[in-house]
Amino acid sequence: MEVIKINEDNVITYYKTEWNDTVLGYKTNEISEIKFDSIEKGNELLSLFDKESKLNNIIYSAIRINSDSKDLKLILEQNNYINIETSIRVESNISRFEENSFLEKFKISLEKSTIEDLKIIKNISNNEFNHGRFFEDPSFNINISKQRNLNWIDDLYEKSNLIIGKNKQNICAFMFYTTANSEVNFELGGVDSKYSHLAYSFWYYIIKKMKEDGITNINALVSGTNLGVINLYSKFGFRFSNTLFGYRKIRR
């Protein structure tokens with residue numbers, strides 16, 4: 001993490017995003033937090049951030065903000081940042097999760113993955129994913145968006161947990177996730193469209209496994225345009241806890 005600070009009340013924290021560099025072919029970064037006590041100081045902070053980014057040949061900068069951050073929206077727009085996506089935080093305490101005899105009729109086995117499974121997982125991603133930051137940005141074509149997801153999967157495989165779902169020995173779904181104490185964050189999951197009728201059952205079995213493993217809370221960040229996934233989490237009683245707006249700036 002890197003920091004630009006005017007004083008304790010006016011600070012930007014940001015980091016380099018090499019995974020975006022790889023697919024875009026130029027340097028990128030992302031603001032993780034911006035704190036300011038006036039519109040003027042907010043503008044000054046972004047100006048300092050832009051100067052630092054230009055000095056380091058950063059072409060693309062991104063930030064996600066709470067949807068109710070009215071002053072920050074104004075500051076971003078005044079500094080030529082464009083709103084390109086909406087994300088929704090979903091979360092659930094699964095202590096009251098109950099077994100569902102109907103969903104259990106659809107048989108899916110959950111298994112740990114091997115490196116050989118990555119090719120199939122990437123094929124699912126390449127064919128089925130159409131939502132997210134790059135997909136929803138009109139400046140990027142779909143091939144760039146898909147390649148970013150493929151690179152992300154390689155990174156997740158090294159850093160996160162991965163479970164695959166199998167139906168009759170065929171991989172039909174996957175879920176990357178991280179665990180901290182008794183809480184799980186679902187990072188990236190998907191179902192092959194040939195098995196779309198198993199989507200609810202796959203999520204059901206994943207949630208059931210988490211409860212059996214002693215997990216009490218699950219959260220995820222989903223695209224606000226992905227109504228299928230929003231309905232899926234709603235089916236399982238997840239609470240929609242926060243809406244985030246994604247902005248970006250391209251310097252060229």
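The model shown is predicted, which means the values in this text are computed figures rather than measured ones.

Novice: Please give an account of the sheet that holds strand S2 (residues 10-16) that cites residues and values.
Specialist: If you walk across this open sheet you meet the eleven strands as S1-S2-S3-S4-S11-S5-S10-S9-S8-S7-S6, and the pairing is mixed. Either end of the sheet is taken by a strand with one partner, and the two such strands are strand S1 (2-7) and strand S6 (109-112). The sheet shows a mean angle of 25 degrees between the axes of neighbouring strands, direction not considered. Pairing of strand S4 (residues 58-66) with strand S11 (residues 239-250), which is carried by seven bridges, proceeds in the antiparallel orientation. Within the sheet, the bridge partner assigned to Asn66 lies in S11 and is Leu244. Seen against the sheet, helix H7 (residues 227-235) touches strand S5 (82-93), strand S9 (183-191), strand S10 (217-223) and S11 and runs at an angle of roughly 160 degrees to S10.

Novice: An account of the layout of surface pockets is requested, with residue identities and associated values reported.
Specialist: Space inside the second largest pocket adds up to approximately 260 Å³. Residue classes in the lining of the second largest pocket are distributed as five nonpolar, four polar and four charged.

Novice: Could you give me a rundown of the pairing of S10, with the residues and numbers involved?
Specialist: S10 sits mainly inside the fold: five of its seven residues count as buried. Relative to S10, S5 runs antiparallel, the two sharing seven bridges. Within S10, the residue paired with Glu91 across the bridge is Asn219. Bridge analysis of S9 against S10 gives four bridges, and the strand direction is parallel. Bridging from a neighbouring strand, Asn185 pairs with Asn219 of S10.

Novice: Provide a residue-level description of H7, including the pertinent values.
Specialist: Those residues of H7 lying buried are Ile230, Leu232 and Tyr233. In an axial view of H7, the angular spread of the buried residues amounts to 160 degrees, which keeps them on one side of the axis. Of the residues in H7, the exposed ones pointing more than 90 degrees away from the buried face are Leu227 and Lys235. In this structure, the buried side of H7 is in contact with S5, S9, helix H6 (199-212), S10 and S11. Looking one or two places after H7, you find Gly237, whose phi comes out positive at around 75 degrees.

Reading the values: rules and limits
Residues numbered from 1 in each chain as written. Predicted model: local features only at pLDDT ≥ 70, side-chain atom pairs only at ≥ 80, totals over all residues. Heavy atoms only, no water. Pairing = 2+ DSSP bridges. Helix = DSSP H or I, 4+ residues; strand = E, 2+ residues; numbered from the N terminus. Axes fitted to C-alpha atoms, helices over the stretch in contact; angles between N-to-C directions. Contact = heavy atoms within 4.5 Å. 1 Å grid on protein atoms, 1.4 Å probe; cavity = no way out; pocket = protein on both sides within 12 Å on 5 of 7 lines; lining within 4 Å. Points joined across faces, edges and corners; volume = space filled by probe spheres on them. Nonpolar A, V, L, I, M, F, W, Y, C, P; charged D, E, K, R; others polar. Buried < 20%, exposed > 50% of the residue type's maximum accessible area, 1.4 Å probe, protein only. Arc of directions from axis to C-beta.

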